[in-house]
Amino acid sequence: MTGIKIDGKEIAQTVKDRVRKAVKELKNHRINPCLATVLVGDNQASATYVKNKHKACEEVGITTKDFKLASNITQSELNRIIDELNNDKSIHGILVQLPLPDQLDEFTTTSRISPLKDVDGLTPYNAGLLAMKKAALVACTPLGVMEMFDYHNIELEGKNIVLINRSNLVGKPLYHLLLARAATVITCHSKTKNISELCQLADIIITAVGDRNKFTLTPDMIKKNAVVIDVAISKYKEKLVGDSDYDQIIQKASYATPVPGGVGPMTVAMLLKNTITAASLSSKIEK
Ligand code: GUN
């Protein structure tokens, strides 16, 4: 028997339906939720991601403002633009698309964003709140993964979870979210020596490497009936792939996510949700 597909498109739609209602509520209170996106340079993949985010905002009634900046912009120029967006009362959420060109520092840039408008949950303030289980704004991909577990009532308490990623956007926030749900979390990365053995212990594997030349999660590495969440997306042999081959993994897993159509749509849906949260936060403060 094969496992159950965790369909990101289907779950994202349920989130979007909830967001659409929340947008109407906010508009009834004369709050017009608005997301500003900042795209630096001409990275094609980033441009496509930002375009998809705008389209999704439009679908649910969230206004967007689009800032496309030259690839050679200086840090102080970028800081000044972020300050302007922080001070603009009509903007509730700010997203600076990553990665940034080399002359710009990711930490300096993301920490410049007002924590109240930080829809990526990347500011030190929001990252710290998450570690204390008090966060209002959490990185979108980790939130999307949690939504997938809850949609399928996948129990987390007491489960052994292997996380293959340690980034600020994925691995670290997921670690805290899972720990808060009383899972036992092992975080693996490029220097971990025995990933295969650790995966064998896992009830749930969340993998986000994104380079098939370095890593592939194969069925022999997982326990029968494990849950596999594949966060990665990259081009390999002219195809868009995750870290695993869904068709093979699903023969052994109890649940698994396809790529594309898995975690990707959830990231966008949770950005919409965070924008609503940010709009509610700012309106509370103004009262
Ligand atoms: N680049 C890839 N994923 C993301 C994301 O979730 N947020 C931002 N800001 N940049 C990204």
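Just so you know, these numbers come straight off a predicted model, no measurement behind them. (Residues numbered from 1 in each chain as written. Predicted model: local features only at pLDDT ≥ 70, side-chain atom pairs only at ≥ 80, totals over all residues. Heavy atoms only, no water.)

1. Concerning the pattern of salt bridges
Using the following cut-off: What counts as a salt bridge is simple: a side-chain nitrogen of Lys or Arg found within 4 Å of a carboxyl oxygen of Asp or Glu. Strands are runs of DSSP state E lasting at least 2 residues, helices are runs of H or I lasting at least 4, and numbering of each runs from the N terminus. Partly exposed residues are those whose accessible area sits between 20% and 50% of the maximum for their type, while under 20% is buried and over 50% is exposed, using a 1.4 Å probe and protein chains only.
For the coordinates displayed, the defined rule picks out ten salt bridges. Notably, a salt bridge pairs arginine 112 with aspartate 83, separated by 2.8 Å at the nearest N-O pair. Of this pair, arginine 112 sits in helix H4 (residues 106-112) while aspartate 83 sits in helix H3 (residues 75-87), and the two are 29 residues apart along the sequence. The partly exposed category is assigned to arginine 112, whose relative accessible area is 35%. Given a relative accessible area of 26%, aspartate 83 falls into the partly exposed group. As a salt-bridge pair, lysine 223 and aspartate 203 come within 2.8 Å of each other at their nearest N and O atoms. Within this pair, whereas lysine 223 is found in the loop between strand E7 (204-207) and strand E8 (227-230), its partner aspartate 203 is found in the loop between helix H8 (195-200) and E7, the two being separated by 20 residues in sequence.

2. A short note on the pairing of E7
Here is the rule we go by: Between any two strands, at least two bridges found by DSSP are needed for them to pair.
Across the two faces of E7 the burial is the same, with Ile204 and Ile206 and Ile205 and Thr207 all buried. Pairing of strand E5 (residues 160-164) with E7, which is carried by four bridges, proceeds in the parallel orientation. Considered in E7, the bridge of isoleucine 161 is made with isoleucine 204. As paired elements, E7 and E8 share four bridges and run parallel to each other. Bridge pairing in E8 links isoleucine 204 to valine 227.

3. Considering the packing of helix H1 (residues 8-28) against helix H6 (residues 140-151)
Worth spelling out the cut-off: Axis angles are defined between N-to-C directions and span 0 to 180 degrees, where every axis is a line fitted to C-alpha atoms and, for a helix, only to the segment in contact. Should an angle fall under 35 degrees it is called roughly parallel, over 145 degrees roughly antiparallel, and 65 to 115 degrees roughly perpendicular, with every other angle called oblique. Here, residues are in contact when the closest pair of their heavy atoms is within 4.5 Å. Residue type decides the class: Asp, Glu, Lys and Arg count as charged, Ala, Val, Leu, Ile, Met, Phe, Trp, Tyr, Cys and Pro as nonpolar, and the leftover types, Gly among them, as polar.
At a minimum axis distance of 10 Å, the contact between H1 and H6 shows a crossing angle of 100 degrees. Between H1 and H6, the crossing angle belongs to the class labelled roughly perpendicular. Between H1 and H6, the contacting residues are Gly8, Glu10, Ile11, Thr14, Val15 and Arg18 on the first element and Glu147, Met148 and Tyr151 on the second. Classifying every residue of the contact of H1 with H6 gives four nonpolar, two polar and three charged.

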